[in-house]
Amino acid sequence: MILEALIGFTFLAALLVLLAPNAWAGRLAFALSTVPFIGSLYLWSRFDAVGNALTGGTIAFESRYEWVEVGGRTVSWFVGLDGISLPLVVLTTFLVPLAILSAWTPVDSRQSQFYGLMLFMEANLLGVFTALDFFLWFVFWEAVLVPMYFLIGIWGGPRRKYAAIKFFVYTNAASLLMFIGFMSLTFALGDSIGSLALPEITQAIADGGLETWFGISPGRMAMVAFLAMFAGFAVKVPIVPVHTWLPDAHVEAPTPVSVLLAGVLLKMGTYALLRFNFTMLPEQASALAVPIAAIAVISVVYGAMLALAQKDLKRIVAYSSVSSMGYVLLGLVVFTEYGVGGATFQMVAHGLISGLMFMAVGVVYNATHTRMVGDMAGMADRMPVTVGILVAGAFGYMGLPLMAGFAGEFFIFVGAFGAPSLPYAPVFTALAMFGIVIVAGYLLSAMQKTLFGPFRLETDYEIGPAPFHDVAPLAVLLAAIIVLGVAPDLFFEMIRDAAMPVVEGVSVDV
Amino acid sequence: MVDAFAYVPAVVLLPFFSFLVALGAGKYLPKGGAFGGIAATAGSFLLSLWIATAVAGGRAYNETLYTWAAGDQFELTFGALIDPLSALMLVIVTLVALLVHVFSLGYMNDEGETGLPRYYAGLGLFTASMLGFVVADNLLMAFMFFELVGLCSYLLIGFHFREPGPPSAAKKAFLVTRFGDYFFLVGVVAVFATFGTAAFAGEGSFPALAEAALAGSGDVWTPGGLELQTWLTVVGLLVLGGVVGKSAQFPLHTWLPDAMEGPTPVSALIHAATMVAAGVYLVARMYGFYALTPTTLAVIAFIGGFTALFAATMGVVKDELKQVLAYSTISQYGYMMLALGAGGYVAAVFHLTTHAFFKALLFLGAGSVIIAMHHNEDMWDMGGLKSRMPVTYYTFLAGSLALAGIFPFAGFWSKDEILYEALVHGLNEPLLLGGYVMGLLAVPVTAFYTFRMVFLTFHGEPRTDLAADPEPVRWNVKGPLTVLGSLAVVTGFINMVPVQKVLGLEGIDYLHRWLDNEWGGIEGLSSHHYADLGPYSSGYIAGGEVPTVLVGAAVSLGLALAGLGLAWRLYNVTSPTEHTAKLGGIKDVLYNNYYLDELQVWIAYRTEDIAGGADTFDQGIIDGVVNGVSSVSLLGGSRVRRIQTGLVTQYAAMLTLGLIALLVLLGVNGGWFL
């Protein structure tokens, strides 16, 4: 019941904030949003899952109620956690209160709606990461888009309509593709499944339950389903070349929305890739390892090159997400303990670091009202604390050791380099690793131009240090990044435990 | 009895605490947190001495202290490895760091700098990172602290962030070394993939596994069926990338002269004991691995010899005091690389030690001059400071004599041993011999630029009013200078190999005996073992070992004296002139550092061009397709536009429709409607 309570409370909180007056909606939302975080810490402390939830492991906080029966398939309310989903739940509940705090300064209209939608989104995100029934999962998955659409479309920048619609249509079309792919898989499973529960489907596929369906052989069906789902999730991640909605959405989205978009929403894509493509259809993933690794490398290098070309601070951070998600894809496709585990760890690490970067850029923007690199210089002189944390965050993004990003990236690299299942693994890994040079290039130049040197910014007002409630979430995030960087096993231990069954799903012919 | 080794973590953590204190409370503390830093480094220094005593007492330490990630595939850990090498390095680093802290009181506090808590926090973190690197017991931990050292150099080089120069130099330092570290990181990952461990010492360490595998016992992974020796060479060269970056070897040396933008005490720390030293130390630390691959050794030797000569030539024409010292650093680390490549493990460590002291001395001496000259660094504005600041002059002179390799100062002994090793091993190895010749040619050049610097700064008549009436410096400047000045004179005596060989006095080569585990150490990490592994055999000229020693020493000393003499003739006059016109066309090349900076800037711009092209492609083609598809989508262009007027209710409707479609699909499949 605890997961129901968590999700339910968040929905209620959303409703409550929606009804609250604008004047104190922000404070109320922050106060309420700390409850799910405390709840997720409680989950963490009582966490007792073993193995992977989809491959027959012991599921923590499992709760299952039959809901409806659809054509011989039970649809259930089925939620639970394992070592892959718990870190993402903690990440979500941790980021939301901080994102809400970061909204206090920039959001100055229709606050109760804004904060209500933020909490509504959180509730659905928690649903995505806990649901173990496909139907339930898909409802949450789609429902995340709605608040996001409004948050960008109402509180966004000048081109918010374009960005919101592009985001919505693009990711929805992708969802449709993914949905078709998955459903055809379930049809082909025929009588070997009695429900849409993900563990059952995973088991059925592993046991060879796929049958010829409408003249499509099981092997071909699995491959088609894999490709359809891969394409669908790739948009969400996003992976090159289906990434172009992301920079537009980020540039137009207000800071707190960007924080959640980069911090959590992108991880929906990688989480789903891991759960569906790489856990359910490991053979297909393995067969396509070379092209997928190539896409991963292209995402890393190409995303980083795009970031290098940007002049808008937020666009720089946005494109670097494309690059970072390329690492995650590489980690997934190599099917090793450190590869898959590192990819999952990197989801959390990137969530924290990109959240910090967007937040810090937002705090600077609150003061400058411009994000263009050429418009400002020497901001360190006026906002020393904010800039100090921004610099620390940027080094985190560059993969500075003892910060979370290094741990994630290093795990992926060390897991990928000698991976037996991926041909040319050392070459792919070494190429992807070159991203760590490019990321240093663009972040260091952007910082040098905007933060250092003699102060220059044309405003008719004085720029001073940011208010406490803007800086505090930055400091909290930075602390979390360092703690996870020094002690990655806080999460990595349980992640490994849940990742191992996925890895073992692939037999390697050396 | 309390175990000294229990305090190894404290050596690292004390400066780290001073970082935290300075960062958190520095502005409330006297002197901006300087005393915390002094206390911490003094504590670390004393503990390091104690640890060195324990090693001298026949003991060593190799323990895993913290598990960072406990995977089945690899276990990633932090630990401490204390053997004669790391114990010696601990003493050097903590001593130099302590003196730099004290000196900073004079250079930063007395000069009224602002941002002192940030400064002392940076120094503390810098020292802590370097110490963590020194005690690292595996390659991953070494890499991690190596990177932190890079961060600290960024923070301290860019200390004066309100000016345009320092942030740019800081960026360059981090970026250029990051380029080298990329290869290092690939190397670390490759070591894990190959051996399953990155430990430096012990039975299961990667050098030991590599040795066993080469000997045919034991099996290690190689990619794509590559031959083992080839693969080990590749891995060695990959790790070397990081070394070339941090130790400022050609072609990644360009960051170092720019790094002079940092405060002078920071330069002393970077050049003598921390960042630049880290690269060479790393090769020494895993020398058991490098000794296995002759190709790597030859490459190291050749890069080293080339860099030694190459950097020295640029030092000849520089006008600013710190610039001359910067190029001398690059050149001197070239010598250490030459030594390592030539199988002269002890010689390299010896030069690392002597150089740490005399280069710290020269930088702090330069700092003292800079205080006196009110932060004017141009040597042509100086002159005649000899009588006006005698303590600085005589200590600086001692450091210069050591740098130039003049008998009996510290640098003579260590440089002579490097050249000797390169010569005797190089007689049968053409690449190595090339390194030796370049190293030898660099000797007179080094002596020349060093004494050009000394004469221009201290001799003759003051050329400006500033030089005629320099600002006096206090004890906090003179104290560190005196300590280092004495060390620059005496450090050479720890390893008088030529004297031993010529006079037949046994046992005065203390450093050799120290690094050969004669007092204590770890099996497999001794100079003796490395010599056994190495590919080199010795050849002699002039009919034997003793004549070779004598001829080698005489030639290098003679060349050094020649360089010194030339500098004396040209610059030790009342009013010296540039004389650079005599160099003709070479002068411009040297002034512009062989145009390598331009080359790197060119590469950076071309990369930006490619990025710009990628951006145009992304916006035009990839996103163009997306927008194109959406405008010719099912509903037709005009309707899409109507939707885009922002009637969000329509979207809610679309979403609902989607969900209904989903249910219908489910239903059809399940026979709901039948």
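None of these values were measured; they are calculated from a predicted model.

Per the secondary structure count, chain A includes 20 helices and two strands. For a compact globule of 510 residues, the expected C-alpha radius of gyration is about 24 Å, and chain A comes in at 22 Å, within 12% of that figure. Split into buried and exposed, the 510 residues of chain A put 71% on the buried side. Excluding contacts between residues fewer than 6 apart, the proportion of contacts in chain A whose partners are at least 24 apart in sequence is 79%. If you sum the accessible surface of chain A, you get close to 14700 Å²; carbon and sulfur atoms cover 65% of it. Treating the 21 positive side-chain charges of chain A as one cloud and the 31 negative ones as another, the clouds have centres 12 Å apart.

What chain B contains, in helices and strands, is 28 helices and two strands. Dimensions of chain B, computed from the C-alpha atoms along their principal axes, are close to 110 × 65 × 60 Å. Looking at chain B residue by residue over its 674 residues, the buried ones come to 61%. Within chain B, contacts between residues separated by at least 24 positions form 78% of all contacts whose residues are at least 6 apart in sequence. As displayed, chain B offers around 23500 Å² of accessible surface, 65% of which is attributable to carbon and sulfur atoms.

Residue and element names in this part refer to chain B. The residue Y510 is located in helix α22 (residues 510–515) in this model. Separated by 26 residues in the primary sequence, Y510 and L484 place their C-alpha atoms 20 Å from one another. The residues touching Y510, leaving out its near neighbours within four places in the chain, are F493, I494, N495 and W519.

What follows concerns the packing of aromatic side chains. One pass over the full model with this rule turns up 92 aromatic pairs over all chains. For the ring pair F146(B) and F184(B), a centre distance of 5.2 Å and an interplane angle of 85° mean the geometry is edge-to-face. Within this pair, whereas F146(B) is found in helix α5 (residues 139–157), its partner F184(B) is found in helix α6 (residues 165–195), the two being separated by 38 residues in sequence. The pair formed by F146(B) and F184(B) is uniform in burial state, with each residue classed as buried. Positioned above the aromatic ring of W141(A), the side-chain terminus of K236(A) is 5.0 Å from the ring centre.

Taking 1.5 Å of rise per residue, the 22 residues of helix α13 (residues 294–315) of chain B would be expected to cover 32 Å, and the 32 Å separating its terminal C-alpha atoms lies within 8% of that figure. Of all the 22 residues making up α13(B), 17 are buried; the element is thus mostly covered by neighbouring parts of the structure.

Residues and elements named next belong to chain A. It is at 8 Å that the axes of helix α16 (residues 404–417) and helix α17 (residues 425–433) come closest, and there the two elements cross at 155°. The orientation of α16 with respect to α17, classified from their angle, is roughly antiparallel. Only A425, P426, T429 and M433 of α17 make contact with α16, whose side of the interface consists of F413, A416 and F417. Across the contact of α16 with α17, the residue classes break down as six nonpolar, one polar and no charged.

Of the residues lining the interface, 66 residues belong to chain B; the matching set on chain A comes to 78 residues. Interface of chain B and chain A: buried area, both sides summed, is about 6400 Å²; carbon and sulfur atoms make up 74% of it. At the junction of chain B with chain A, the criterion picks out two salt bridges. Joining chain B to chain A, the criterion identifies 24 residue pairs in polar contact (both at pLDDT 80 or more). Secondary structure elements with two or more residues in the side of chain B that touches chain A: β1 (61–70), β2 (75–82), α5, α6, α26 (596–631) and α28 (648–670) of chain B. It is α6(B) that contributes the most residues to the side of chain B that touches chain A, 15 residues altogether. Among the residues forming the side of chain B that touches chain A, the class breakdown is 45 nonpolar, twelve polar and nine charged.

With that settled, the discussion passes to the confidence of the model for chain B. Residues and elements named next belong to chain B. Summing up the model confidence of chain B, the mean pLDDT is 87 and the portion of residues at 70 or higher is 93%. Here residues 634–640 is a poorly scored stretch, pLDDT under 50, and it has six contacts once near neighbours within four places are set aside; other chains count. For this predicted complex, the interface score ipTM comes out at 0.94, alongside a pTM of 0.93.

What follows is about the environment of L90(B). Residue and element names in this part refer to chain B. By the secondary structure assignment, L90 is in helix α3 (residues 84–109). Judged by relative accessible area, L90 falls into the buried class, the value being 0%. C-alpha separation for the pair L90 and Y61, spaced 29 residues apart in sequence, amounts to 14 Å. When sequence neighbours within four positions are dropped, the list of residues in contact with L90 reads V11, S48, I51, I82, L131, V134 and V135.

Here we come to the nonpolar core. Nonpolar side chains tend toward joint burial in soluble globular proteins. Core analysis: the largest hydrophobic core is formed by 475 residues, its most contacted members being F134(A), W137(A), F410(A), W68(B) and L139(B). No other element matches the 20 residues that helix α15 (residues 345–372) of chain B contributes to this core.

Our next topic: the UniProt feature "domain: NADH:quinone oxidoreductase/Mrp antiporter transmembrane" (unreviewed entry) in chain B. Taken from the UniProt record, the annotation "domain: NADH:quinone oxidoreductase/Mrp antiporter transmembrane" (unreviewed entry) applies to residues 136–426 of chain B. The span residues 136–426 of chain B is 72% helical and 0% strand by assignment, and the distance between its end C-alpha atoms comes to 32 Å.

A word on the packing of helix α1 (residues 8–25) of chain B against helix α4 (residues 116–135) of chain B. Residues and elements named next belong to chain B. Running from amino to carboxyl end, α1 crosses α4 at an angle of 160°, the nearest separation of the two axes being 7 Å. As judged from the angle between their axes, α1 and α4 are roughly antiparallel. Here the hand of the crossing between α1 and α4 comes out left-handed. Here V8, V11, V12, P15, F16, S18, F19, A22 and L23 of α1 lie close against α4, whose contacting residues are P117, Y120, A121, G124, L125, T127, A128, L131, G132 and V135. Here the residues of the contact of α1 with α4 are counted per class, giving 15 nonpolar, four polar and no charged.

Our next topic: the pattern of salt bridges. Under the defined criterion, the tally for this structure stands at 19 salt bridges over all chains. In this structure, the salt-bridge partner of K172(B) is D597(B), at a minimum N-O distance of 2.5 Å. Note that K172(B) is positioned in helix α6 and D597(B) in helix α26, a separation of 425 residues in sequence. Summarising the burial analysis for this pair, K172(B) and D597(B) share the class buried. Across the pair E518(B) and R513(B) runs a salt bridge, and its minimum N-O distance is 2.8 Å. Note on E518(B): relative accessible area 46%, which makes it partly exposed. A network of salt bridges, in which partner residues are shared, links K166(A), D248(A) and D623(B).

What counts, and at which threshold
Residues numbered from 1 in each chain as written. Chains lettered and ligands numbered in written order. Predicted model: local features only at pLDDT ≥ 70, side-chain atom pairs only at ≥ 80, totals over all residues. Heavy atoms only, no water. Helix = DSSP H or I, 4+ residues; strand = E, 2+ residues; numbered from the N terminus. Rg over C-alpha atoms; globule rule 2.2 N^0.38 Å. Buried < 20%, exposed > 50% of the residue type's maximum accessible area, 1.4 Å probe, protein only. Contact = heavy atoms within 4.5 Å. Areas by Shrake-Rupley, 256 points an atom, 1.4 Å probe, with all protein chains shown as cover. Lys, Arg positive; Asp, Glu negative; His and termini not counted. Charge placed at Lys NZ, Arg CZ, Asp CG, Glu CD. Phe/Tyr/Trp six-rings, centres within 6.5 Å; stacked < 30°, edge-to-face > 60°. Lys NZ or Arg CZ within 6 Å of the ring centre and 35° of its normal. Expected span 1.5 Å × (residues − 1). Axes fitted to C-alpha atoms, helices over the stretch in contact; angles between N-to-C directions. Parallel < 35°, antiparallel > 145°, perpendicular 65-115°, else oblique. Nonpolar A, V, L, I, M, F, W, Y, C, P; charged D, E, K, R; others polar. Buried area = accessible area lost by both parts, 1.4 Å probe. Salt bridge = Lys/Arg side-chain N within 4 Å of Asp/Glu carboxyl O. Polar contact = N/O pair within 3.5 Å; in protein donor to acceptor, adjacent residues only side chain to side chain. pLDDT = per-residue confidence, 0-100. Core = buried A, V, L, I, M, F, W, Y, C linked by side-chain atoms within 4.5 Å. UniProt positions renumbered as here; feature names shortened; annotations may be inferred. Left-handed = near helix turned anticlockwise from the far one by under 90°.

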